[in-house]
Each structure stands twice: as C-alpha cells, then as structure tokens.
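Spelled out from the first residue to the last, the chains are:
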Amino acid sequence: MTITADLSHQLAEFAVNTRFADLPPEAVEAAKKSVLDTIGVMLAASGMEPAVRPIIELVRESAGKGEATILGYGDRVPAGAAAFANGALAHGLDFDSQTPWGAHADSSIVPTVLALAELRGSVTGEELITAVAVGQEIFIRLRCNVGWHMDWNLSTVVGCFSATAAGGSIFNLDASQLANALGIASLQSSGTMEQIFGLGSDLRGMYAGFSSQASVNAVRLAARGMTGIRNLFEGEAGLFKVYFKGEYDREKMVANLGKEFLSGGMTYKYWPAVGNAHTYIHAAIELMKENDVALDQVSEVKVFVGDFQQRMCSPLAERQVPNTLVDAKFSLPFLVALALARGKMEVEDFTSEALKDRTVLALARKVVPVPDSSYNWTSKLPDGKIEVLLADGTSISRLGSRVPGSVELPMTWEELFHKFGSCARAAVSPLSADGISDLCNSLKTLETIHDVREIVAGVSSFNVAQRKSA
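What this report covers is the structure whose coordinates are included nearby. (Residues numbered from 1 in each chain as written. Predicted model: local features only at pLDDT ≥ 70, side-chain atom pairs only at ≥ 80, totals over all residues. Heavy atoms only, no water.)

**What to know about the packing of helix α2 (residues 25-48) against helix α20 (residues 413-425)**
Defined as follows: As a rule, the C-alpha atoms of each element are fitted with a line to give its axis, helices using only the stretch in contact, and angles between N-to-C directions run from 0 to 180 degrees. In DSSP terms, a helix is any run of H or I states spanning at least four residues, a strand is any run of E spanning at least two, and both are numbered starting from the N terminus. Geometric relationships in this document are graded by angle, where less than 35 degrees denotes roughly parallel, more than 145 denotes roughly antiparallel, 65 to 115 denotes roughly perpendicular, and other angles denote oblique. In a left-handed crossing the near helix is turned counterclockwise from the far helix by less than a right angle, and in a right-handed crossing that turn is clockwise. Only heavy atoms matter for contacts: two residues are in contact if any of them lie within 4.5 Å across the pair.
For the pair α2 and α20, interaxial distance at closest approach is 7 Å and the crossing angle is 20 degrees. In terms of their interaxial angle, α2 and α20 are classed as roughly parallel. Crossing angle aside, the handedness with which α2 passes α20 is left-handed. Judged by residue contacts, Glu29, Lys32, Lys33, Leu36, Asp37, Ile39, Gly40, Val41, Leu43 and Ala44 of α2 engage Trp413, Leu416, Phe417, Lys419, Phe420, Cys423 and Ala424 from α20.

Have a look at this one:
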C-alpha cells in the first residue's frame, strides 16, 4: 500500500521549486499588478482609515530592531511587526484585489513577502514575482476546493498558508523547512465569517495584518529549525476534517500544479468596498448615467439579493445608517445610495463626514432588499440587480454585469496606474506626481529590479522627507 504524503509537503515542494522561468506570462502580469495594487491601497489606508491607527501606534510603541518598513509612514520596525501593520493597511479599505471566486489573497501575501525581502536583502524583482505567484496559486487551489459553508473566513484560514508559502520562497527555505512553516502558521489559521457579517467591529478590515505577521514569524521560526505538523491538512484531526468536515478535493488542488497557473485571473477593484457589492455599485452608477433621475423623486430602491448579499442588508435599519467606515463598506443600502447620489465612487468618498451625508442617508433609507436565490454566491461572484421606483410610478431597473475590474473586463495597466495615483495622493504623507510615476514604471517592469528594497525606498523616501521638513 502506497502512503501519500500530506498535501502540505506537496505544496511546499511546489513553492520551493518554482522559478521565474516556470511562470506563464499571465501569472507574471498578475503578480506585478498585485504588488502595485496592494502597495497603492496600503498607502491610501494610511491616510483614509482611522481603524488602522491602533495597530500603527502599537507597532511604533513596541519598536525594536529596524528590519522592515511600515509603508505610508516610513518607520523601520521588526519584520513581523511591519507585516502586521502593512497587512492591516492592505485590507483596511477593502480596496485590495481578490480572486474571481472571491476572498483576498494579496493583502496577506504582499506584506509578508515585502517584509521578508527587506529582511533578507538583495531579493530581485524576479524572486518577488515568483513568490507572489506561488502564494496566489496555493490560495486559489485551496480556496476553490474545500467545502465552504460561509462559516470560516477563507481569506484568513487559507491566507496564512499562501502567505507563508510565498514568504518561504523569498527566504529560500527548503521543502522540509517550508512544510514545517506551514504547520507553524496553522496556529493562526482562524477567523469566522461573523467578523465579516457582524456590525461595529474593526477586525473586518484588519484581519490580513494578523495573517501576514503570523506568516513572517512562521518562516523565520522554520528557518531556525522549529518543526511543524506532519499531517497538517489531511491528518485525522487535520485542517480539512476539522474546518471543512472532510469536504475537499485533493485531486483538483494538485491538478497540473506547477504547470498550470490560475492566478492570471486575479481581479482588481474599481471601488473601495466589499467585492459582492460591486455588481450593485456598477448597476447604480450605470443607471444614473443612462437615465435622467432626480434623486428627490426616488421613492424606493429595490436590491435583488442572494444569500451573501442579504447579510449586507441585515439588520436593515443599521445597515442603512452605518456607524463606521468599515461597516459602510459592507452595507449594501449605503453603497447603492452613495453610487446613486454621486454617480461614481472614489476612495475620497469614504470619510467620517461622508457617513453623515444627508442625501446619501436619505437614499439609503429607501433601499430595501428583495430576496432572490438566482443571485446566490455559488462559485463565482454573482451579478447584481437594482430597481429604482419614482414618485410618478416609473420603474427603472439595471443589471450589474461585466463589472469593470472583473475577469470579463480586467483592469489595464493604465487603469491601475490611475488607481495607484489616487491612492498614493490619499496617503498620510501624499506622494509626489514624479514619485507616483516612478513607482508605477518600476513596478510594471518589476522583473528588472535587482533589489526589491529599491521599491520600498521609493515609497518611503517621501515619508522620511516629509517628517524631516515638518
């Protein structure tokens, strides 16, 4: 009888043996876009999201050996602490990339690899691209092939493993060490969907920081010889049995692993809000473009919702008047109302003052959910439909499909540059036009960079200059 090694060992072999030359062009492109996009949203969160401040303050106060950089601020802190802060920044605005099937890979992968790249030193752009592509691939294969029942938050439960694999690639772990690192990281594989569905918590925006910090620490501990869990995923009390009731498809997880890369389909957000709302935001924006609608004539706005979107509408009265920016980004009534009122949605539209906008709040109170199972979230993110009823009895409806930034209409480099620029200008220390242009060009040609610390320096130099002149 042949005994198959636990999946963790096969994933570790894949991660340590994959080289830049093994990556197809679409995986290279996705990795580079993900680094650019994630750095951009980190910078925006540094200036726009007050919920990240306790983490930034804690990391600064704890200080320690200056190994890696808090992006947006420029402070040098221990690598794990930098990953903690940067991970929180990466998902703080819910503006970070996602897979076509939902869930966020890059907000834990990119902070992890950047911190470890600074710590190791002399990490090339090719190595960084390879590590990100490896992490994305592992994330997608795990995320799509477990029996998920909207119970665990897959971005954290799966994210710590993909980020650790990416970090192990950067840190030149061997396969045995990386398998150990995955086991060590499993102690932080946690987080239920209640943190996503619930109201009033900052954790929904901060969770990637915990995954990133855990991944950096797991890689460093494994490099020092700490052992992990031999049967991490498939053991009698392994992750798949305990977390997913034994519902997983190993064959699909490893099919053509190393030969076929699914990460080329990574998607990048046009709007800083939960991904399941984007079809509705798109519908609202396009409806306003296509019709002459006077907002004071709107009597009701119906949103046709499936299982997941219903949670963005419940309890309705509280969702219509969110108390925090984190809650606003998960409130379907508020997001639809904002899109209708502004006819657009920018990162600058989410401020504490925006939560008090009378026009938006008046519209949000008119948004009502209509349950419709045809919009359930199954494998891919579903379309969204809204219907606006006017005082004269007119009804106008719009389906939100082929959303900008989706697989059907992927973001171009030019569009990502525009997004990066708006994010960098919103940073706690805004970047100059020249600095933004230089960073965009460097990240588009990331494979030519000899040392990734050049990228971090490009982001951080302006912060340092700002502090010195203050």
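After that view, the rundown keeps rolling.
**Some points on the pattern of salt bridges**
Note the following rule: By salt bridge we mean one thing: a side-chain nitrogen of Lys or Arg within 4 Å of a carboxyl oxygen of Asp or Glu. Type-normalised accessible area, obtained with a 1.4 Å probe on protein chains alone, sets the label of each residue: buried when under 20%, exposed when over 50%, and partly exposed for intermediate values.
Taken as a whole and assessed by the stated rule, the structure comprises 18 salt bridges. Salt-bridge contacts for Lys33 lead to Glu29; the nearest nitrogen and oxygen are separated by 3.7 Å. Linking Lys33 with Glu29, this pair stays in helix α2, spanning 4 residues, or about one helical turn. A residue is classified by how much of its surface remains accessible, and Glu29, at 33% relative accessible area, is partly exposed. Note that Lys269 is salt-bridged to Asp94, the shortest N-O span being 2.6 Å. Of this pair, Lys269 sits in the loop between α13 (250-254) and α14 (278-290) while Asp94 sits in the loop between α4 (79-92) and α5 (106-120), and the two are 175 residues apart along the sequence. Given the relative accessible area of 2%, Lys269 is considered buried. Take Asp94: its relative accessible area is 2%, and that puts it in the buried class.

**With respect to unusual backbone geometry**
As a rule of thumb, non-glycine residues mostly have phi less than zero, and peptide bonds are mostly trans rather than cis. At the junction of Ser314 and Pro315, the peptide bond is cis and its omega measures out at -5 degrees in the coordinates. Along the chain, Pro315 falls in the loop between α15 (307-311) and α16 (316-320). The backbone phi angle of Ala63 is positive, close to 50 degrees, even though this residue is not glycine. Its relative accessible area of 36% is what places Ala63 among the partly exposed residues. Of note in this structure, Asp94 is not a glycine but carries a positive phi near 55 degrees.

**Digging into the sheet that holds strand β3 (residues 298-305)**
The condition that has to hold: For two strands to be treated as a pair, DSSP must find at least two bridges joining them.
The strand order across the open sheet built from 4 strands is β4-β3-β5-β6, with neighbouring strands paired in mixed fashion. One side of each edge strand has no neighbouring strand; the edge strands of this open sheet are β4 (367-371) and β6 (395-400). Ignoring which end each strand starts from, the neighbouring axes of this sheet average 20 degrees apart. Both β3 and strand β5 (residues 384-390) contribute to a ladder of 6 bridges, which runs antiparallel. Within β5, the position partnered with Glu300 by the bridge is Leu389. Strand contacts of α14: β3, β5 and β6, with the helix running at about 135 degrees to β6, the strand carrying the most contacts. Together, β3, β4 and β5 form the strand contacts of helix α18 (residues 332-342), whose direction differs from that of β3 by roughly 125 degrees.

**Focus: empty space enclosed by the protein**
As a reminder, the rule being used: The way it works is a 1 Å grid over only the protein atoms, where trapped points that fit a 1.4 Å probe form a cavity and open points with protein on both sides within 12 Å along at least five of seven lines form a pocket, and then any residue with an atom within 4 Å of a point lines it. Grid points are joined across faces, edges and corners, and a volume is the space filled by probe spheres set on the points. Charged residues are taken to be Asp, Glu, Lys and Arg, nonpolar residues to be Ala, Val, Leu, Ile, Met, Phe, Trp, Tyr, Cys and Pro, and polar residues to be all remaining types, Gly included. An automatic or database domain assignment supplies the residue ranges for each domain.
This structure, assessed with the given rule, holds 2 cavities of 30 Å³ or more. Approximately 220 Å³ is the volume attributed to the largest cavity. Listing elements by their share of the lining of the largest cavity, those giving two or more residues are α7 (154-157) and α11 (203-223). Split into classes, the residues belonging to the lining of the largest cavity amount to 10 nonpolar, 8 polar and 3 charged. Residue assignment places the lining of the largest cavity across two domains, with domain 1 (7-268) and domain 2 (275-400) each supplying three or more. Taken as a whole, the second largest cavity spans an internal volume of roughly 30 Å³. Lining the second largest cavity are Leu142, Val146, Val157, Val158, Phe161, Phe233, Leu239, Phe240 and Phe244. Counting residues per element, the lining of the second largest cavity draws most heavily on helix α12 (residues 239-244), which supplies 3 residues. Of the residues in the lining of the second largest cavity, the class split is 9 nonpolar, no polar and no charged.

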